[in-house]
Amino acid sequence: ELGAAQAMKLVISPLLKGLQALHEKGIIHRDVKPANLFKGYEGNYLLGDLGLAQFEDKEAQTKTGAVVGTMHFVAPERMTNPKLIADSSDDCYAAAHTIIKTLTGKHLRNLLPHHYPLLGMKAKPLTAEVLASCGIFEGMAQPLVKAVQWDRECRYKSALKLLEDLKDGFRGRH
């Protein structure tokens, strides 16, 4: 668990800038999670482990029909439809979950026990109020809620836009 200012500088900004760089090259990471963030020389965390990465709009190199990624960080539609081709919204979902874990020390499954996508289980959507009750500023909570929506069309497609909205929310600190 890091404070918001420290997390923004050391984790959130490098994570989302790294994802954006991958996405601009047409690469989807597919396994964004805290364990794949590695501490750099300057103390900031860098996204690594591209073992499951694939080019956007390409079929996966992994076994057909297999769910790829770490279960609790995989976007919901990937659990219910593993043949669906991954896109940048999948990485934004996992990045937001990673950020929530960094800021609160809790997984989504602990904040909303039925929120994770195993077998398509679905409860009430995550709200900014739930995140605020865990100490996340309301201004930062809103973008994180958008990033972990069940409907991929409602999620961020751009890691850079997610970063901009989080920075704006952090500056506003509601």
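The shown structure was predicted, so the numbers you read here are calculated from the model rather than taken from an experiment.

(A) Fine view of the side chain of H29. Tracing the sequence through the fold places H29 in the loop between β1 (27-28) and β2 (37-39). Within the local environment of H29, its side chain forms a polar contact with the backbone nitrogen of V32, the two atoms lying 3.4 Å apart. A polar side-chain atom of H29 sits 2.9 Å from the main-chain carbonyl oxygen of G48.

(B) Structural detail: the pattern of salt bridges. Under the defined criterion, the tally for this structure stands at six salt bridges. For R152, the salt bridge identified is with D90, shortest N-O distance 3.0 Å. Placement of R152 in the loop between α6 (138-147) and α7 (159-172) and of D90 in helix α3 (residues 88-104) is noted, with a sequence separation of 62 residues between them. Relative accessible area serves as the criterion here: at 13%, R152 is assigned to the buried category. Put simply, K161 and D165 hold a salt bridge, and the shortest N to O gap is 2.9 Å. Of the two residues, K161 and D165 are both situated in helix α7; the distance of four residues between them amounts to about one turn of the helix. Given the relative accessible area of 18%, D165 is considered buried. A single salt-bridge network, built from bridges that share partners, covers D87, D90, R152 and K157.

(C) Layout of the environment of I99. Among the structural elements, I99 can be located in helix α3. For the pair formed by I99 and K33, sequence separation is 66 residues and the distance between their alpha carbons is 8.9 Å. In this view, I99 contacts I12, L15, L16, L144 and L166; residues no more than four positions away in its chain are not counted.

(D) Broad picture of the packing of α6 against α7. Between α6 and α7, whose axes approach to 6 Å, the crossing angle comes to 155 degrees. When the axis of α6 is compared with that of α7, the two are roughly antiparallel. Counting all contacts with α6, which are made through G139, M140, P143, L144 and A147, the residues of α7 involved are L162, D165, L166, G169 and F170. Its residues assigned to classes, the contact of α6 with α7 shows seven nonpolar, two polar and one charged.

The rules behind these values
Residues numbered from 1 in each chain as written. Predicted model: local features only at pLDDT ≥ 70, side-chain atom pairs only at ≥ 80, totals over all residues. Heavy atoms only, no water. Helix = DSSP H or I, 4+ residues; strand = E, 2+ residues; numbered from the N terminus. Polar contact = N/O pair within 3.5 Å; in protein donor to acceptor, adjacent residues only side chain to side chain. Salt bridge = Lys/Arg side-chain N within 4 Å of Asp/Glu carboxyl O. Buried < 20%, exposed > 50% of the residue type's maximum accessible area, 1.4 Å probe, protein only. Contact = heavy atoms within 4.5 Å. Axes fitted to C-alpha atoms, helices over the stretch in contact; angles between N-to-C directions. Parallel < 35°, antiparallel > 145°, perpendicular 65-115°, else oblique. Nonpolar A, V, L, I, M, F, W, Y, C, P; charged D, E, K, R; others polar.

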